[in-house]
Amino acid sequence: MISLNCITKSLARKTIFDDVSLTIETGTHVAITGPSGCGKTTFLRLIAGLDTPDRGDIRIESKLTSQSGRTLVPPHQRQVGFVFQASALWPHMNVVQNILFGLQQLPKSDAAEHLNRILSETGTTHLAKRMPGTLSGGEQRRVAVARTLAPEPRILLMDEPLTDLDSVAKTELAELIKSIVQNSKMTLIFVTHDLKEVSHFCDRNYVIKGAKVIALNG
Amino acid sequence: MPVDAARILMPNRFRFWVQIHMPLMMRTCIAASLLMFVLALGELPASLLTIPPGTGTITIRIYNYMHYGATETVAGLCLVIPLLTIIYAIFLFGVAGSWRFFLPKVPGKKT
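Position numbers for residues start from 1 in each chain and track the written sequence from start to end. Here the convention is simple: chains get letters from A, ligands get numbers from 1, in the order in which they are written. In view of the model being predicted, local features appear only for residues whose pLDDT reaches at least 70, and side-chain atom pairs are presented and counted only at 80 or more, with totals across whole chains, interfaces and linings using the full set of residues. Remark: hydrogens and water are excluded; side-chain values derive from all non-hydrogen atoms of the structure.

Describing the overall build of chain B
Then, in step 1: Think of it this way: any DSSP run of H or I at least four residues long counts as a helix, any run of E at least two long counts as a strand, and we number them from the N terminus. Within chain B, the secondary structure is distributed over 5 helices and 0 strands.
Then, in step 2: Tracing chain B from N to C terminus, the helices and strands come up as α-α-α-α-α.
Then, in step 3: The globule rule is 2.2 Å times the number of residues to the power 0.38, and the radius of gyration it is compared with is taken over C-alpha atoms. Computed over the C-alpha atoms, the radius of gyration of chain B is 21 Å, more than 25% above the 13 Å expected from 2.2 N^0.38 for a compact globule of 111 residues.
Then, in step 4: Over its C-alpha atoms, taken along the principal directions, chain B stretches across nearly 65 × 30 × 25 Å.
Then, in step 5: Relative accessibility thresholds used throughout: buried, under 20% of the residue-type maximum; exposed, over 50%; partly exposed, between the two (1.4 Å probe, protein chains only). Split into buried and exposed, the 111 residues of chain B put 28% on the buried side.

Here it is, written out as structure tokens:
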């Protein structure tokens, strides 16, 4: 369970969240929508621990992770996966190395097994030796999803993963994400401004409006 | 954003630094280092003020030889400056290339 209690966050003197409280149950698939610049990405960054709330606290599975400007649990210990809007692959590593980065704590044989499984699940086996710069937008997103899923996170944060893709790549990636999410017990928080994607992936929808997070259904 | 991605997946601080931070900064570091090398190699006033007695930089030697009118020696030494810069640039690119040693190893592949 992810619990945000009385969160206030400002960026560049603009109040993004004003006394926001929200609970996301484990295993639910939640969509966050809202206009550009309303704080959708900030919402994900707060949960991931990449940003801290100015006031209030965030708990993941009852454990206090952030509190009033302090990060109590660093991002890599929160068991979250984050698919960034711009893929954010490391340009100096090939696809396999990108995925392996998060698996280096595992023994080599386990890492190899994990790697092969995730490459095949995400359909990126044929891209294994390619460098990110040589991949198309859709392939980069697919690799970003593979890299995020490799360490088996309990919470999956996706920041508009289908934006700026052509219709074929978008459909393929949407199907991939849907199959992964349905076959796991992960909590999904999916940021988008496309309502079709909301109904495709998520069972609850929240909209960010006027520095508040409002439940739309469910 | 690539650094944020690494903060989430970070296996440990050392790997975060050598596998992500340094390679991402490498081009900038090489350019800055090369620029500073060229500027330092041609620096005369600061060298005159700071060098200990009995030693001399290439620029001070050129300055002295110019004073005595040794044109050929000055020309030769001036050619040494771009040569040293090229050698230093090759060294830096070698360092950048060898950084692959620190990147994650593909299981089952001998490196």
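Still to come is the rest of the account.
Examining the interface of chain A and chain B
Then, in step 1: Contacts are assigned to residue pairs with any non-hydrogen atoms lying within 4.5 Å of each other. If you look at the interface, chain A gives 28 residues, while chain B gives 21 residues.
Then, in step 2: At the boundary of chain A with chain B, total buried surface from both sides reaches about 2,300 Å², with 73% on carbon and sulfur atoms.
Then, in step 3: Put simply, a salt bridge is a Lys or Arg side-chain nitrogen that is within 4 Å of an Asp or Glu carboxyl oxygen. In this structure, the connection of chain A to chain B is made through 1 salt bridge.
Then, in step 4: Between Asp-4 of chain B and Arg-45 of chain A there is a salt bridge, with the nearest N and O atoms lying 2.8 Å from each other.
Then, in step 5: A 3.5 Å cut-off defines polar contacts: any pair of N or O atoms within that distance qualifies, except that in protein one atom must be a possible hydrogen donor and the other a possible acceptor, and neighbouring residues in sequence count only when both atoms are side-chain atoms. The interface formed by chain A and chain B holds 6 residue pairs in polar contact (both at pLDDT 80 or more) in total.
Then, in step 6: Of all the elements in the fold, those that place two or more residues in the side of chain A that touches chain B are α1 (40–48), β7 (80–83), α2 (95–100) and α3 (108–121) of chain A.
Then, in step 7: Residues were grouped as follows: Ala, Val, Leu, Ile, Met, Phe, Trp, Tyr, Cys and Pro as nonpolar; Asp, Glu, Lys and Arg as charged; and all remaining residues, including Gly, as polar. Residue composition of the side of chain A that touches chain B, grouped by class: 18 nonpolar, 7 polar and 3 charged. Summed over both partners, the accessible area lost on bringing two parts together, with a 1.4 Å probe, is the buried area.

Concerning the packing of aromatic side chains
Then, in step 1: Aromatic contacts are taken between Phe, Tyr and Trp rings whose centres are within 6.5 Å, Trp giving its six-membered ring; a plane angle under 30 degrees counts as stacked, one over 60 as edge-to-face, and the others as tilted. If you walk through the whole model with that rule in mind, you get 5 aromatic pairs over all chains.
Then, in step 2: Ring geometry for Phe-82 of chain A against Phe-84 of chain A: centres 4.1 Å apart, planes inclined by 10°, an arrangement best described as stacked.
Then, in step 3: On the basis of relative accessibility, which here comes to 4%, the residue Phe-82 of chain A falls in the buried class.
Then, in step 4: With a relative accessible area of 2%, Phe-84 of chain A lands in the buried category.
Then, in step 5: One aromatic cluster is present, formed by Phe-37, Tyr-88 and Phe-91 of chain B through successive ring pairs.

A few points about the UniProt feature "domain: ABC transporter" (unreviewed entry) in chain A
Then, in step 1: UniProt positions are given in the numbering used here, feature names are shortened, and annotations may be inferred rather than shown by experiment. In the numbering adopted here, UniProt assigns the feature "domain: ABC transporter" (unreviewed entry) to residues 2–216 of chain A.
Then, in step 2: Between the end C-alpha atoms of residues 2–216 of chain A the distance is 18 Å, and the span holds 30% helix and 29% strand.

Some remarks on the sheet that holds strand β5 (residues 63–67) of chain A
Residues and elements named next belong to chain A.
Then, in step 1: The rule for pairing is simple: two strands pair if DSSP sees at least two bridges between them. If you trace the 5 strands from one edge of the open sheet to the other, you get β2-β1-β4-β5-β6, paired in antiparallel fashion. Edge positions in the open sheet fall to β2 (14–24) and β6 (70–71), since each of these has one partner strand only.
Then, in step 2: Across 5 bridges, the pairing between strand β1 (residues 2–11) and strand β4 (residues 55–60) is antiparallel. Residue pairing for β4: Ser-3 is matched across the bridge by Arg-59.
Then, in step 3: Fitted lines through C-alpha atoms serve as axes, helices being fitted only where they are in contact, and the angles separating the N-to-C directions of these axes extend from 0 to 180 degrees. Of the strands in this sheet, β1, β2, β4 and β5 are in contact with α1, which crosses β1 at around 125°.

Re the packing of helix α4 (residues 58–68) of chain B against helix α5 (residues 71–98) of chain B
All names here are of chain B.
Then, in step 1: Packing of α4 against α5 leaves a shortest axis separation of 9 Å and a crossing angle of 160°. On the basis of their axis angle, the class for α4 and α5 is roughly antiparallel. Read as a crossing pair, α4 and α5 show a hand that is left-handed. Residue-level contacts link Ile-58, Arg-61, Ile-62, Tyr-65 and Met-66 of α4 to Thr-73, Val-74, Leu-77, Cys-78, Val-80, Ile-81 and Leu-84 of α5.
Then, in step 2: Of the residues in the contact of α4 with α5, the class split is 10 nonpolar, 1 polar and 1 charged. Any angle from 65 to 115 degrees is called roughly perpendicular, while one under 35 is roughly parallel, one over 145 is roughly antiparallel, and all others are oblique. Put simply, a crossing is left-handed when the front helix is turned counterclockwise from the back one by less than a right angle, and right-handed when it is turned clockwise.

Examining α5 of chain B
Residues and elements named next belong to chain B.
Then, in step 1: Compared with an ideal rise of 1.5 Å per residue, which puts 28 residues at 40 Å, α5 spans 41 Å between its outermost C-alpha atoms and is within 8% of the ideal.
Then, in step 2: For α5, the full list of buried residues reads Val-74, Leu-77, Thr-85, Ala-89 and Leu-92.
Then, in step 3: The secondary structure elements touched by the buried residues of α5 are α2 (13–41) and α4. Take the residue count of a helix, subtract one, and multiply by 1.5 Å to get its expected span.

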